[in-house]
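Structure assessment
The residues making up each chain are set out below.
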Amino acid sequence: ETVASALKLYESCSELKEFISSLKSSSSSSSSSSTSEEEEDEYTFRDNEEEEEDDVNIDTVRRKLQQEGGSGLTIIKTAVQTILPLLDPPPHDSIFGFDVMRGCMLSRYVGAKQLWVKNENGGGAVDVLYIPATHRAKSSSSSGGNHKIEKAVLYCNPNAGLAEIATGMSFMGGNTSSYRASSSSSSSLQRPNSGSSSDDSSSSFSEPNCWTDYYIEEGYDVFLFNYSGYGRSFGNDFGSRVFSCCGFNSSAQKRSNGGVYKDGCMARIQRIFYSLFFGFKPTSESIKNDAVIVAKHIVNAIGVEHLVIHGESIGGMAAACAAKELCISTSGGTTTSCPTALSGGGGGELDEQRKKQPSLLFCDRTFCNLEAVAQRLVGSWTGNAIRLLTPLWNMDVAGDFLASNCAKIVANDAADSIIANTSSLKSGLSFAYEMKKGNSKGVGWILDAPLEYRMADWENVGVNDSKFVKSRSCHTQAPIWPADKHISPEEAFCFAACARRIGKLATTAKRNGVRRSHDSISSGADMDEEEGIEITAVEEGNGVSTISARSSLSMMQRIDQTGLIQMEAWNLLACCDGLCGSVLGTAVKDGFDSTVSWLCDLVTFGGQIVSNAAEKRLLQERKNDAPDVNVTDSGISVISSDFDLRPSDYAEDDDSEGVYPIPIPEVTEKLKRILDRLDEITSDGAINSKIEIKYCIGMLDYIVARLSSKTHVSRSAQSRLFGDVKDGTPIGSFLNLNCGHNNQYSAEEREKLTSLMNRACSDAHAV
């Protein structure tokens, strides 16, 4: 069917090509002669150039450069003129800039204001924009008074993000009457308003195109700010004072730093010198400090009852630090325990301390530390280089996240193209919990597998068969639950080596089958005696070509039985569902450490996915028998079907096995049958494959038993709904995304986020 469609498409393209050729003007034919003459001259010129290539010398090159770009002095002058604006940008004299963008943004939101938050300790001030929730803005404007803010969101910008564009660069956001009227007429989307207003204009609105619109429609006030050094926010002026003490004219500085812009060579040199050595430059510490002072101002000065700190990308580093500092300031300077989190009411002093803690920390598509991101974007050498160049910077986002004793959400897309899955906050947290007993130092960095596994992979032999390195740490026995509470690094790397070995054997078997198929065609084998690859399309009775089917069948017939079993085993492992957005095959392709991170993610956050599926199943089963009965954490029991995240109608699609990940219990069941088939084969390849497959089965069985245990199910259910905050060691609720790094959340993802936010800000779960 595919080939038939391709043939029809080819015929249509041929007809279109002939039709376009017939539309060409007659003038093209008249100009063809002149064009051919020009082409001949061009070819003659090229031939002359090729003949002169052997005689090229320094003088020839210099003359050619002078002809194309002028003299050498002109080239140097052009280069300097290109670099100088980068070192000393000219003043922005146009009225169209951030001031206009800020004014337009504030005019589109009812009750929006601007305020400055001073940094009393380090100096400088942060430019903050306040946008009230839609229902609050209307009630405040109608009553003419100030209302106490019940819940608000502090949004920390991503890399290169500015508050002026946090509401969308298309200028489509807003909640004014004119905007809502236009959006209501252009959109038929209906959604209930989160606020108490019954205004008809708020019952119909377009899909939110930015975080600000989403939050204000859900009933949250929004605080936006620029980091020091961005927009109008500025840091301390210590460098400016030192610059003036050195005898330089402070008026040579930028006008944004208090000076008057002057023209002239000396003024430009002073500005460049000031910018390079004395001017304020944003750092990781300044970014985190800005978020801390703004968060404390919102809680202490403004008096917000429930504060949600949302950090996106690099903003997650600022958000995690702000949440940690607020927890420390309200818990006596320690984060190991948080007694105020237990107080749901009584005690005025404790209740006031509880309100000063963040109700929710939301780290959105961020990293565990900046070094891990750089290693996978640039190279492994960048980790130590960053540590060497910035020894005083603390970029341990995972450590700050763990130290924040409040309700937390970690959102991640495993297919993020900017922050690799292994260097994400999700993987950093899971690796710290599973492999390092909660220590977040160095998590996410590229790890080298044990030498015996690397040598075995290089020699292309089994995991235990290296000739150059004797296996010391290879575990032939997979962990067993409940004897083994955690997976050791040696066991994790052994699993990674076994999975990689099975993948290499399957790939080799497939390549050998393709090679033998091509060899049979080149040797002229009789197609009647031995079926080969069809070269021409053969139309069947229904008009469908069978080229692909015959080719695949021929290739499979030329692979031995052991190779077929190895390919089948790898297909199962490659599609094994990791429950956190990634399959095992993707992790194996990325390296040993990626497979280890895949395991850690699975046992740390996969339990939340399984417990959620089990809870939904139990609620559905009890819906008819006892509709009013709530499923408690202790009453959740997990079965094999709870690992299956495929849609209920997936079996209707013939290609479903290649679209949806395969649940772990199904993978282990089929691998055990494959292992039984290998027992009947006595070849060396079958014997070597049994070791790797057996270990993978043991590891996956351990994961299923661990995630299905009552203790793990109860703990995962509590973490998913912020119940572990009372224990003082919250790991956070995991939110699996499919929107990439910069795109907006889907409707389903926003619905999950709204449910978690409302739960965290409710009185029963406020911390």
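Before reading further, recall that the structure is shown in the block above.
As a starting point, this report considers the structure included with it. Computed from a prediction, not measured in an experiment: that's the story for all the values here. Per chain, the residues get numbers from 1 upward, laid out in the order the sequence is written. Where local features are concerned, this predicted model is filtered to residues with pLDDT of at least 70; where side-chain atom pairs are given and counted, the filter is 80 or more; whole-chain, interface and lining totals use all residues. Side-chain measures were taken over the full set of non-hydrogen atoms in the model, leaving aside hydrogen atoms and water.

Moving on to the pattern of salt bridges. By definition, a salt bridge exists where a carboxyl oxygen of Asp or Glu is found within 4 Å of a side-chain nitrogen of Lys or Arg. For the coordinates displayed, the defined rule picks out 26 salt bridges. Among the salt bridges present, the one from arginine 102 reaches aspartate 99, with a minimum N-O distance of 2.9 Å. Within this pair, arginine 102 and its partner aspartate 99 are both found in helix α6 (residues 98-107), separated by 3 residues, close to a single helical turn. In this structure, aspartate 601 and lysine 426 form a salt bridge, with 3.8 Å as the shortest nitrogen-oxygen distance. In this pair, aspartate 601 is assigned in helix α24 (residues 592-621) and lysine 426 in helix α18 (residues 425-435), connecting sequence segments 175 residues apart. Taken as a pair, aspartate 601 and lysine 426 share a single burial class, namely buried. Through salt bridges with shared partners, one network takes in Asp99, Arg102, Asp127, Glu164 and Arg232. Secondary structure elements are taken from DSSP: a helix is a run of H or I of four residues or more, a strand is a run of E of two residues or more, and numbering for both begins at the N terminus. Buried residues are those whose accessible area, probed at 1.4 Å on protein chains only, stays under 20% of the maximum for their type, while exposed residues exceed 50% and partly exposed ones sit between those limits.

To continue, consider the sheet that holds strand β7 (residues 408-412). The strand order β1-β2-β4-β3-β5-β6-β7-β8 describes an open sheet built from 8 strands, whose pairing is mixed. Looking at which strands have only one partner, the edges of the open sheet turn out to be β1 (113-118) and β8 (733-736). Going across the sheet, the axis of each strand differs from the next one's by a mean of 20°, ignoring polarity. Here the rule is simple: two strands pair whenever DSSP picks up at least two bridges between them. Looking at chain direction, strand β5 (residues 306-312) and strand β6 (residues 360-364) are connected through 5 bridges and run parallel. Looking at the pairing, histidine 310 lines up with phenylalanine 362 of β6. Here an axis means a line fitted to C-alpha atoms, over the contact stretch when the element is a helix, while the angle between two N-to-C directions is reported on a 0 to 180 degree scale.

The phi torsion of most residues other than glycine is negative, and most of the peptide bonds are trans. Residue proline 482 follows tryptophan 481 across a cis peptide bond; omega there is 5°. Within the secondary structure, proline 482 is located in the loop between α19 (451-459) and α20 (489-522). A positive phi angle, near 55°, is found at serine 313, a position not held by glycine. Positionally, serine 313 belongs in the loop between β5 and α13 (315-329). With a phi close to 65°, phenylalanine 722 is a non-glycine residue in the positive phi region. Here phenylalanine 722 shows up in the loop between α27 (710-720) and β8.

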